[in-house]
Amino acid sequence: MPCLLQLFPKDHKAIYQKGVVQKEQGKYIDALQSLNRALELYSGDPAYFSSRGEIYAATSMHAYAVKDFGMALDLDPENIACLTQLGIIYVEQKDYPNA
């Protein structure tokens, strides 16, 4: 029986969910590939940027994480999780005015 992504290879929601599962499994490279693909297909969901930002933050790629959390906040300015993640990154970098 074919999986959903074989039937609908451009289903950005399914690709995003695959990336989330990969992220939770610690498969960050695979997760980034999936999330990048989901964002290529649809860049209007802040969760896509937020999830990718979480991977960047977890792998100490803070500049990329800040950019992705910023993109998520452009789409959803009230996103508490992104604001919190940004604050944590800024504190770790001793950038207290932005924290």
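Just above sits the structure.
This structure is a prediction, so every number in the text was calculated from the model and none was measured.

Analysis parameters
- Residues numbered from 1 in each chain as written.
- Predicted model: local features only at pLDDT ≥ 70, side-chain atom pairs only at ≥ 80, totals over all residues.
- Heavy atoms only, no water.
- Axes fitted to C-alpha atoms, helices over the stretch in contact; angles between N-to-C directions.
- Helix = DSSP H or I, 4+ residues; strand = E, 2+ residues; numbered from the N terminus.
- Parallel < 35°, antiparallel > 145°, perpendicular 65-115°, else oblique.
- Left-handed = near helix turned anticlockwise from the far one by under 90°.
- Contact = heavy atoms within 4.5 Å.
- Nonpolar A, V, L, I, M, F, W, Y, C, P; charged D, E, K, R; others polar.
- Buried < 20%, exposed > 50% of the residue type's maximum accessible area, 1.4 Å probe, protein only.
- Salt bridge = Lys/Arg side-chain N within 4 Å of Asp/Glu carboxyl O.

Caption draft 1: Quick look at the packing of helix α5 (residues 62-75) against helix α6 (residues 80-92). It is at 9 Å that the axes of α5 and α6 come closest, and there the two elements cross at 150 degrees. In this view, α5 runs roughly antiparallel relative to α6, as classed from their interaxial angle. The crossing of α5 and α6 is left-handed. Taken together, the residues of α6 that come into contact with α5 (itself represented by His62, Ala65, Val66, Phe69, Ala72 and Leu73) are Cys82, Leu83, Gln85, Leu86, Ile89, Tyr90 and Glu92. Classifying every residue of the contact of α5 with α6 by side-chain character gives 10 nonpolar, 2 polar and 1 charged.

Caption draft 2: Molecular detail of the side chain of Gln22. By secondary structure assignment, the location of Gln22 is in helix α2 (residues 12-24). Accessibility expressed as a relative area gives 11% for Gln22, which makes it buried. Sequence-distant contacts of Gln22, defined by excluding residues within four places in its chain, comprise Lys27, Asp30, Ala31 and Ser34.

Caption draft 3: Main features of the pattern of salt bridges. Applying the stated rule across the entire model yields 3 salt bridges. Between Arg52 and Asp68 there is a salt bridge, with its nearest N and O atoms 2.5 Å apart. Here Arg52, found in helix α4 (residues 46-58), pairs with Asp68, found in helix α5; they are 16 residues apart in sequence, far enough to count as distant. Summarising the burial analysis for this pair, Arg52 and Asp68 share the class buried.

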